[in-house]
Amino acid sequence: MNKKNVLYVKDLNKNYSKNSSKSVHAIKNLNLEVNEGEIFGLLGPNGSGKSTLFNIICGILSPNYGDVIINGINVNKIPVFERVQKYGISLIPQTGGTFSGLSCIENLKAISEIVIEKKNERNYKIEEMISKFQLEPHAHTKCCELSGGSKKKVAIAMALMSSPTILLMDEPFAFLDILTVRDLQETIVNLQTEDSSRCIIISDHSARELLGISDRALVLANKKIVAQGSPREVIDSPSARIYFGDSFKIN
Ligand code: ADP
Ligand code: MG
């Protein structure tokens, strides 16, 4: 059975104006479809437009041309908070994602007050997140004092407070050691298993961590999609191999 399309990015273009004479074309005529329940890998070298795309999908940036369509509805003119509340989008940014001077609990409380209306539901959700990510020992530790892996867990927990159906994770594996990466990969797969309607889109510049857990993936380079399909198809694609190297394997 075909899965329902949740996100459709159509003919997307984004220019950054540096000054009156020069502009940077970050995204050119990009088309992308993600279905419910999928883990979708967005691969591309630094500067290929991954963060720009995520910022456009969640409404932080506007495209110069093209559309972001969620469940058949064009959200181009919908502001960030409404995309979070009504359209189920949540972003875990490449860096930060937490208020570093606040404790783990304070971070979760701050977000809960924005995205959850009823106080008892807020407290319930905070407890659920603390337990899900085993954050009990760090509950009252300031985020700036946490390890990279724990900080990432708090950022994910914060993004999940609004119970998103489209979770965007911008380079979540960056700067993490291999054991923490494995732990995070397991967390991501669990997030997919526990909610069959949720799709998770993850960016990375390295295929190694990403393709092992992706259902489908796309490789972006030089403003073009150079490969897309199943992880196997992407790995076997000669144009994508330029970015991964010939020795790359997935299990
Ligand atoms: P990635 O996340 O894949 O590394 P980005 O989306 O950050 O790529 O950047 C894509 C391109 O847009 C790069 O050439 C980058 O220098 C440029 N860019 C990103 N943000 C800005 C900005 N705020 N102003 C000008 N250029 C930008
Ligand atoms: Mg980026």
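Residues numbered from 1 in each chain as written. Chains lettered and ligands numbered in written order. Predicted model: local features only at pLDDT ≥ 70, side-chain atom pairs only at ≥ 80, totals over all residues. Heavy atoms only, no water.

## Focus on the site of ligand 1
Note the following rule: Nearness is judged by heavy atoms alone; a residue qualifies as near a molecule or strand once a single heavy atom is within 4 Å of it. Under the rule applied, a polar contact is a pair of N or O atoms within 3.5 Å (in protein, one hydrogen donor and one hydrogen acceptor; residues adjacent in sequence only if both atoms are side-chain atoms). The protein chains shown are the only cover counted for residues, whose accessible areas, like all others here, come from Shrake-Rupley with a 1.4 Å probe. Runs of H or I in DSSP of at least four residues are treated as helices and runs of E of at least two as strands, each being numbered from the N terminus.
All residues adjacent to ligand 1 are Tyr16, Lys18, Val24, Ala26, Pro45, Asn46, Gly47, Ser48, Gly49, Lys50, Ser51 and Thr52. In this structure, an oxygen atom belonging to ligand 1 sits 2.9 Å away from a main-chain N or O atom of serine 51. Burial of ligand 1 by the protein chains amounts to 64% of its free accessible area of 560 Å². Every element with two or more residues in the shell around ligand 1 is listed here: strand S2 (23–35) and helix H1 (50–58). Examining the composition of the shell around ligand 1, we find that three residues originate from one element, H1, more than from any other.

## Overview of the sheet that holds strand S1 (residues 5–17)
Put simply, the rule reads: The criterion for strand pairing is that DSSP finds at least two bridges linking the strands in question. It only takes one pair of heavy atoms within 4.5 Å for two residues to be counted as in contact. Note on method: axes are straight lines fitted to C-alpha atoms, helices fitted across the in-contact stretch only, with angles between N-to-C directions ranging 0 to 180 degrees.
Taken together, the four strands give an open sheet; going across it, the order is S2-S1-S4-S5, and neighbouring strands pair in antiparallel fashion. Each edge of the sheet is formed by a strand with only one pairing partner; in this case those strands are S2 and strand S5 (73–74). With nine bridges connecting them, S1 and S2 associate as antiparallel partners. Within S2, the position partnered with serine 17 by the bridge is serine 23. Against the sheet, H1 engages S1, S2 and strand S4 (65–70), with an angle of about 115° to S1.

## Some details on the coordination of the magnesium ion (ligand 2)
Condition: The rule for donors is simple: an N, O or S atom within 2.8 Å of the metal counts, and for Na, K and Ca the reach is 3.2 Å. Water is not among the atoms, so a site may look short of donors.
Only Ser51 (OG) and Gln94 (OE1) from the protein coordinate the magnesium ion (ligand 2), and they sit 2.1 to 2.3 Å from it. Residue serine 51 is located in helix H1, and its partner glutamine 94 is located in the loop between strand S6 (89–92) and helix H3 (104–115); the two are separated by 43 residues in the primary sequence.

## Details of the layout of surface pockets
This is how it is decided: Here a cavity denotes grid points, spaced 1 Å and computed from the protein atoms alone, that fit a 1.4 Å probe unable to get out, and a pocket denotes an open set having protein on both sides within 12 Å along at least 5 of 7 lines; residues with an atom within 4 Å of a point are the lining. Grid points are joined across faces, edges and corners, and a volume is the space filled by probe spheres set on the points.
Considered as a void within the structure, the largest pocket measures approximately 470 Å³ in volume. Along the walls of the largest pocket sit 20 residues, with Val84, Ser90, Leu91, Ile111 and Met158 positioned nearest its centre. Taken together, the elements giving at least two residues each to the lining of the largest pocket come down to helix H2 (80–85), S6, H3 and helix H5 (148–160). With four residues, H2 is the largest single contributor of residues to the lining of the largest pocket.

## Things to note about the packing of H3 against helix H4 (residues 119–132)
The angle between the axes and the distance between the axes are what describe a pair of packed helices. Definition in use: These descriptions rest on fixed angle ranges, namely under 35 degrees for roughly parallel, over 145 for roughly antiparallel, 65 to 115 for roughly perpendicular, and the rest for oblique. A crossing counts as left-handed when the near helix is turned anticlockwise from the far one by less than a right angle, and as right-handed when that turn is clockwise. Lys, Arg, Asp and Glu make up the charged group, whereas Ala, Val, Leu, Ile, Met, Phe, Trp, Tyr, Cys and Pro make up the nonpolar group; the residues left over, Gly among them, are polar.
For the pair H3 and H4, interaxial distance at closest approach is 10 Å and the crossing angle is 140°. Here H3 is positioned oblique relative to H4, judged by the angle of their axes. Both H3 and H4 take part in a crossing whose hand is right-handed. Contacts between H3 and H4 involve Cys104, Ile105, Leu108, Lys109, Ser112 and Glu113 on the former and, on the latter, Arg122, Ile126, Met129 and Ile130. In terms of residue class, the contact of H3 with H4 is built from six nonpolar, one polar and three charged.

## Some thoughts on empty space enclosed by the protein
This model, assessed by the stated rule, comprises one cavity of 30 Å³ or more. Taken as a whole, the largest cavity spans an internal volume of roughly 40 Å³. Considering the residues around the largest cavity, the lining is formed by Gly149, Lys152, Lys153, Leu176, Thr180, Asp183, Leu184 and Thr187. Looking at the lining of the largest cavity, the elements that each hand over two or more residues are H5 and helix H6 (178–194). With four residues, H6 is the largest single contributor of residues to the lining of the largest cavity. Taken together, the residues that form the lining of the largest cavity break down as two nonpolar, three polar and three charged.

## Notes on H4
Each α-helix winds once per 3.6 residues, and so residues spaced three or four apart point in a common direction. Worth spelling out the cut-off: Multiply 1.5 Å by the residue count of a helix minus one, and that product is the helix's expected span. Whether a residue is buried, partly exposed or exposed follows from its accessible area with a 1.4 Å probe, protein chains only, as a fraction of its type maximum: under 20%, in between, or over 50%, in that order. Regarding the arc, it is the one traced by the directions from the helix axis to the C-beta atoms.
If you check H4, its first and last C-alpha atoms are 20 Å apart, about what 14 residues at 1.5 Å a residue would give, namely 20 Å. Taken together, the buried positions of H4 are occupied by Arg122, Lys125, Ile126, Met129 and Ile130. Seen from one end, H4 has its buried residues packed into an arc of 135°, which puts them on one side. When the buried face of H4 is taken as reference, the exposed residues oriented beyond 90 degrees from it are Asn120, Tyr124 and Glu127. Residues of H4 that are buried make contact with H3 and H5. Where H4 ends, the next residue or the one after it, glutamine 134, has phi of about 50°, a positive value.

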